[in-house]
Amino acid sequence: MKLNFTGCTDPGLIRSNNQDAYHIDPEGRFFIVADGMGGHAGGEEASRIATQEIQNYLATNWQSSQSAQELLEQALLAANAAILQDQQNHPERSDMGTTAVVVLFRSPEPPLCAHIGDSRLYRFRDSQLQQITEDHTWIARAIKIGDLSVDEARLHPYRHVLSRCLGREDVHHVDVQPLELQVGDRLLLCSDGLTEELVDQKISSYLQDKPRLDKVAFSLVEAAKEEGGHDNITVVLVAVEENS
């Protein structure tokens, strides 16, 4: 399969700094979005460390005997270890952490996604937007067991409370899942600065109406800002196309 891809990030309209980070492998082997937390310096540093460590681990070990799943899981665990080490070296950042969502293409193995926290992966197919990842939040758990509706969750004061993130001693495994893809699919990796402002139907409309990926990414970020832009906004798009 042939991939077309793009990405962009914006601090939004409220925050003076950007605690999001993303990385697109130039060869299209992997894509990363991270959303840091823990104060001005801490959040930026945590997301930077995560994206740097994940891309370094994947690139360095790409030809190793590890399976794609092992490779991806170990990359995120390496990022977690690096953040923990930085916390020890800089106690002023001891509460920092970050989400991460990563998509990996390592033929002939199937594409994979790994995530921790509430940065998301969506798949857009046949005009339908499907959330692939499940948020690691108290709110997502409450929705799953029926304690809250989706509409109630959007305004709940605990909606940002994570149950899992990188930068914690209790991270010993990472959720990794295969991705079933076909020509015409579009993948959206994003931080919650996008999904806090735009409902899925609105996101879907931009993916449907604009053929060029760079225009879609820019339009999504601008739309989130028009709705308030209360958080940093990061979007990475990957389109699955026919081999030319």
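For clarity, every value in this text was computed on a predicted model and none was experimentally measured. (Residues numbered from 1 in each chain as written. Predicted model: local features only at pLDDT ≥ 70, side-chain atom pairs only at ≥ 80, totals over all residues. Heavy atoms only, no water.)

**Some points on unusual backbone geometry**
Here is step 1: A cis amide bond links S107 to the next residue, P108, at an omega of 10°.
Here is step 2: Relative to the helices and strands, P108 resides in the loop between β5 (100-104) and β6 (112-116).
Here is step 3: Here the phi dihedral of S127 falls at roughly 70°; this positive angle occurs in a residue that is not glycine.
Here is step 4: If you trace the backbone, S127 turns up in the loop between β7 (120-125) and β8 (128-131). (Helix = DSSP H or I, 4+ residues; strand = E, 2+ residues; numbered from the N terminus.)

**Section: the packing of aromatic side chains**
Here is step 1: Per the stated rule, a full pass over the model turns up 3 aromatic pairs.
Here is step 2: Relative to W62, the ring of F30 lies with its centre 6.1 Å away and its plane at 50°, an arrangement referred to as tilted. A residue pair is termed long-range when its members are at least 10 positions apart, and F30 in strand β3 (residues 30-37) and W62 in the loop between α1 (39-60) and α2 (68-89) qualify at 32 residues.
Here is step 3: One aromatic cluster in this structure is built from F5, F31 and F105.
Here is step 4: The ring of W62 has R106 lying over it, and the distance from NZ or CZ to the ring centre is 5.8 Å. (Phe/Tyr/Trp six-rings, centres within 6.5 Å; stacked < 30°, edge-to-face > 60°. Lys NZ or Arg CZ within 6 Å of the ring centre and 35° of its normal.)

**What to know about the pattern of salt bridges**
Here is step 1: Under the defined criterion, the tally for this structure stands at 14 salt bridges.
Here is step 2: As a salt-bridge pair, D214 and R212 come within 2.5 Å of each other at their nearest N and O atoms.
Here is step 3: By relative accessible area, R212 is classed as partly exposed at 47%.
Here is step 4: We note a salt bridge from K225 to E222, for which the minimum N-O separation is 3.4 Å. Highlighted residues: K225 and E222, both in helix α7 (residues 213-226), separated by 3 residues, approximately one helical turn.
Here is step 5: Where salt bridges share partners, they join R123, R125, E180 and D185 into one cluster. (Salt bridge = Lys/Arg side-chain N within 4 Å of Asp/Glu carboxyl O. Buried < 20%, exposed > 50% of the residue type's maximum accessible area, 1.4 Å probe, protein only.)

**Considerations on the packing of helix α6 (residues 200-209) against α7**
Here is step 1: Contact geometry of α6 with α7 gives a least axis separation of 9 Å together with a crossing angle of 150°. Taken together, the axis directions place α6 and α7 in an arrangement best described as roughly antiparallel. Crossing of α6 against α7: the hand is right-handed. Counted together, I203, Y206 and L207 of α6 and V216, S219, L220 and A223 of α7 form the full contact between these two elements.
Here is step 2: For the contact of α6 with α7, the residue count by class is 6 nonpolar, 1 polar and no charged. (Axes fitted to C-alpha atoms, helices over the stretch in contact; angles between N-to-C directions. Parallel < 35°, antiparallel > 145°, perpendicular 65-115°, else oblique. Left-handed = near helix turned anticlockwise from the far one by under 90°. Contact = heavy atoms within 4.5 Å. Nonpolar A, V, L, I, M, F, W, Y, C, P; charged D, E, K, R; others polar.)

Function cannot be read off these values alone, since they describe shape.
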